[in-house]
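Take a look at the letters that make up each chain.
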Amino acid sequence: MDELHRMSKLNRKLVRDLAASKWLFLAVAIVILLGVAFFGASFLGYRNLKKSYDYTYETLRFADFTVQVVKAPEMAVEELESISGIEAVTGRMDSDIILTLSGGEEKRILARAISLPSDSRPAVNDVKVEEGSYFQDGQGSTLLVEKSFAEYHGLQPGDIVRLTVDEQEISFTIAGIVTSPEYIFPAKSRQEVLVSAETFGVVFVPQDVVPELMGKPFINEFCFLIEDGADKDVVIAEVEDALDPYIVTDVVTQADQPSNAALSMDLQEFGEMAEVFPLLFLIVGALATYILLTRIVYKQRSQIGLMRAVGYSRRQVLIHYLSFALIIGIIGAIAGTVAGYLLSEAVTNLYVGFLRIPYTRIEMGWMEWLALEEGLFIGILPCVIAGIIPALAASRLIPSEAMRTPPPASGRKMLLERLFPFLARLSSLWKIPLRNIFRNRRRSLYTIIGIAFGISLILVSAAFIDSVDYLMNLQFERIQKYDAQISFAQPQPLALADEVEDWDETERVEPILKIATRLEHGDNTYSTLTEGLPTDSELYGLYSTDGNQVTVREEGILLSEGLRNTLNIDVGDVVNVQSTSTVGQLEVVGFVKQPMGSFAYVTLEQAQSMAGGQDVITGLMLGVKPQYIDSIREKAYQIPGTASVELTSETHEKVAGLMGFLKGMMWVMLGFGAAMALAIVFTVVTVNILERSREIATMRTLGEGRGGIAAMITIENVLLGLAGLLPGILLGYGLAVFLFRLIQTDMFSFGLVIFPRTYALTAGIVILIMLISQLPGIRQVNRLDLPRVIKEQVS
Amino acid sequence: MTLDVTRGEFIVILGPSGSGKTTLLNLVGGLDSPTSGKIIVGGRMITALDEKGLTYYRRNRIGFVFQFFNLIPTLTARENVEFAAALVNNPIDPVKMLKVVGLKRRTNHFPSELSGGEQQRVAIARALVKDPPILLCDEPTGELDFETGKRILAVMRRINEVRHKTVLLVTHNTAIGDIADRVIRLRSGEIVEDRRNPSPIDPQELRW
């Protein structure tokens, strides 16, 4: 009973002590909250997306691999089904065909037309009907339109579109709007991941319309599901053998499928962030808890002595002081878990809305509950670990000593002063802050670590934003200098370029010839487009990896930077270039920067000889007079062979939209970093100021002005901030390198770029944070009750 | 209460706890403001000063000596004195000041390396280096042993005589009154005794 009675008194003391320094406790709890929330949001977000993708893939029977051939008969499917390890096969047409949208303004787009069974669902790569219905019988030809494309162009069931093959046009009624597991991220290919719906879209046509459309039954792609437990590589090899008579042009596994690859990359990034960043917050939270609790125990020395003297046990004292840390941890962790849960839903919904994921799964399974519990645990644990040292120290104080007035804090000269005697001649305004930094080295070190972590988070986010800006500038200001590009469905004569150049609308016209090629070096192969450019091209800029402008050369081939690793190739090596009609060998004469996709570049003449045709082109790059930008597309449609017209401004907008989404997330992260820096600095500065209130009151009594005191505090904090700057920048740079490593693929070449001004800006933000976070402390000092504080015993 | 102090007087203010000794000192020192009444120091009404004015007043006119010494722990003895010296235009040489209080050989020691008496002597040097006309001492011997206390009082008395500083010394130790020119006794905020001491004794002869 006595024990209980004493405990309840202690609890009252605990509550009152907490209330007395509520802002400090809150600041530390917020750091924990941010860490736990970050963990919860990113982990649950990651799980939600992963489950949504997995569920979608399973429900719609997303292919394990796809094989493209030149042409195969329909009966080939039966043969393939008999291969052991194959669960299901679908044969289909997959062809890029000109699609004309009627309506207000006629638009022509090179659409991907994929065939689906007319009266049943495909065994592999099904679609989900979002609006309207699947193909309908007896109402003429119907087709299905992929949702993002339909949304962009405002297409609805019942609308009419036309497909054109060999100048023969067939009208289709839209039966339904669908989503597809292959086009959750609507990438045209691994080379063209980010394409505007102005130039690319996906439509699904009934299999029985194909002969009418193509003039004959036509299958050029097989999609496979593999049985559980079957060896994928063996199955693929057998399938390739079986399809050999029809000439296999490409094999794409699920991992390499463009949409899935883009989503996986993003998902993996999510998963890694869920691991790395919360760790930074929790370390800082632990340091802040330690600083705060050490200060409390020191300040309450005489109280502890008294508690022990009147009969409280060591254990009670230990538990009492550990409770402070525990309460910070519990409040931060619970609030963080709730915030993380809510944030994860927001993040998931943002993604779902942005990507139009067919099936979303936001559910709390055992893994999710476990993660939330883990979040609670990793929030509370660092506080307890950090709190146990000061709490143990408190419980071990000897009562008689604890109640005695301790001697003044030991002052000493800094090592720096011994090394640099001029420091000793500094005025007090500088000497006092400098010595204060070295007075409690551990606390200063923790402050520097906290600031460094804050800086690193700010820098990582800023680095991402910088890199996006650099990439956008590179792609749309320096590489893609044309205003519009006309693509033809079939090769056209070179003379067309002169014709278009004579238009009023154009300032400059350059021909381009793109050939589907397969690059081979040793055992490595890569299918991509080889682009033939004029040697004096002004509308398409090529830059070597060190940033110098280069041009295509007659004697060799230029490759995108990303292919150096993919093909394990270097300058001087010879690469096999295989097109549908020719095979040739070219020496690699250089690598060029290419933010999106990986291509090969040769001269127009080289490309023409690869294509096996003289003076042919597949596209025209246009420099358009500004006043004609809006009307150039319509004008370009007048050329009969025009398949699509890409406007650089539209592509720019599309990419900027996607990047804006990612940049938004980075700004949130930057905010988290700044909040963390603010909380740790606020804690340390306030503790420092409180601890020295007697000294400060004495200085004020001697006649030092408020400004002088504020200046000393500011100098001390700014010096600590500067000390954290370099390690913070190094750490941030390292983290950025670690995270960017993931986005270096043949699809995206996302080089890490940090503009010099960003370092300055980061430093500026941190100094600003320091100045803001010391304001409450300085205010408190300036309100000190001088007569009372100067008479206080040393504590 | 009304109290007139003549320049150069050594006044000891006595009284039990709560009698208002320290409050009186804080009011004169510009640390506290009275709810009513006036305080005039050297012809200037300090009760009319704002926060900034009070800071200048403390800086230029007042030297404080505290019971708990209140040295800045991160500064050496000399630097503590220099800190105060830097606040005024024509300070006394800090090293000379430390010599006056008998600490010539301890100038580069930090407070934690000094005894209580030494710390208090640094505090006196710090108060005097600004060359203020008034020295306010709140229980300056409260934390010191008998011998050390007497030595501190001797230093103060000498400074009062040689440098003509007005000294107001607050204590509850009645014996110290014997060294003063004038003794004022307070009770509950009122002056209950104000007597002149025609022949103050040398601090060394004190007994308590």
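It should be noted that the structure appears before, not after, this text.
Just so you know, these numbers come straight off a predicted model, no measurement behind them. (Residues numbered from 1 in each chain as written. Chains lettered and ligands numbered in written order. Predicted model: local features only at pLDDT ≥ 70, side-chain atom pairs only at ≥ 80, totals over all residues. Heavy atoms only, no water.)

Any chance you could break down the overall build of chain A for me, citing the residues and the numbers?
Each helix and strand counted, chain A has 24 helices and 22 strands in total. Principal-axis analysis of the C-alpha atoms gives chain A an extent of 100 × 65 × 50 Å. Counting all 795 residues of chain A, 56% fall into the buried class. For chain A, the exposed surface amounts to about 33,100 Å²; the carbon and sulfur share of it is 56%. Chain A carries 66 positive and 91 negative side-chain charges, and their two centres are separated by 26 Å. (Helix = DSSP H or I, 4+ residues; strand = E, 2+ residues; numbered from the N terminus. Buried < 20%, exposed > 50% of the residue type's maximum accessible area, 1.4 Å probe, protein only. Areas by Shrake-Rupley, 256 points an atom, 1.4 Å probe, with all protein chains shown as cover. Lys, Arg positive; Asp, Glu negative; His and termini not counted. Charge placed at Lys NZ, Arg CZ, Asp CG, Glu CD.)

Give a description of the interface of chain B and chain A that names residues and reports values.
Counting from both sides, the interface comprises 28 residues of chain B and, opposite them, 30 residues of chain A. Across the interface of chain B and chain A, roughly 2,800 Å² is buried in total on both sides, 61% from carbon and sulfur atoms. Of all residues in chain B, the largest losses of buried area upon contact with chain A belong to F68, T74 and F83 of chain B, amounting jointly to 22% of the total for that side. If you look at where chain B meets chain A, you find four salt bridges. Among the elements of the structure, α1 (21-28), α2 (51-61), α3 (77-85) and α5 (116-128) of chain B are those that each provide at least two residues to the side of chain B that touches chain A. At four residues, the largest contribution of residues to the side of chain B that touches chain A is made by α2 of chain B. Taken together, the residues that form the side of chain B that touches chain A break down as 11 nonpolar, nine polar and eight charged. (Contact = heavy atoms within 4.5 Å. Buried area = accessible area lost by both parts, 1.4 Å probe. Salt bridge = Lys/Arg side-chain N within 4 Å of Asp/Glu carboxyl O. Nonpolar A, V, L, I, M, F, W, Y, C, P; charged D, E, K, R; others polar.)

Lay out the nonpolar core in plain terms, naming residues and giving numbers.
All names here are of chain A. Counting residues in hydrophobic clusters, the biggest one holds 128 residues, and the most contacted among them are Y53, F185, F277 and Y321. Examining the composition of this core, we find that 21 residues originate from one element, helix α7 (residues 258-299), more than from any other. In this structure F277 touches F38, L457, V460, M669, L735 and L739, once residues within four positions along its chain are discounted. (Core = buried A, V, L, I, M, F, W, Y, C linked by side-chain atoms within 4.5 Å.)

Tell me about the side chain of Q257 of chain A, and please be specific about residues and values.
Residue and element names in this part refer to chain A. Relative to the assigned elements, Q257 resides in the loop between β11 (248-253) and α7. A distance of 3.1 Å separates a polar side-chain atom of Q257 from the backbone oxygen of E182. What Q257 contacts, discounting residues up to four positions off in sequence, is F62, E182 and V252. (Polar contact = N/O pair within 3.5 Å; in protein donor to acceptor, adjacent residues only side chain to side chain.)

Can you explain the packing of helix α2 (residues 22-59) of chain A against helix α9 (residues 314-355) of chain A? Please cite residues and give values.
All names here are of chain A. Two numbers describe how α2 lies on α9: the axes approach to 5 Å, and their chain directions differ by 35°. Seen along the crossing, α2 lies across α9 with a hand that is right-handed. For the contact of α2 with α9, the per-class residue count stands at 21 nonpolar, 10 polar and no charged. (Axes fitted to C-alpha atoms, helices over the stretch in contact; angles between N-to-C directions. Left-handed = near helix turned anticlockwise from the far one by under 90°.)

Which residues make up the pattern of salt bridges, and what values go with them?
All names here are of chain A. Evaluation of the coordinates by the stated rule reveals 43 salt bridges over all chains. One salt bridge connects R356 with E151, and the closest N-O pair in it is separated by 2.6 Å. One end of the pair, R356, is in the loop between α9 and α10 (366-395); the other, E151, is in helix α4 (residues 147-153), and 205 residues separate them in sequence. Linked through salt bridges whose partners overlap, the residues forming this network are K107, E198, R633 and E650.

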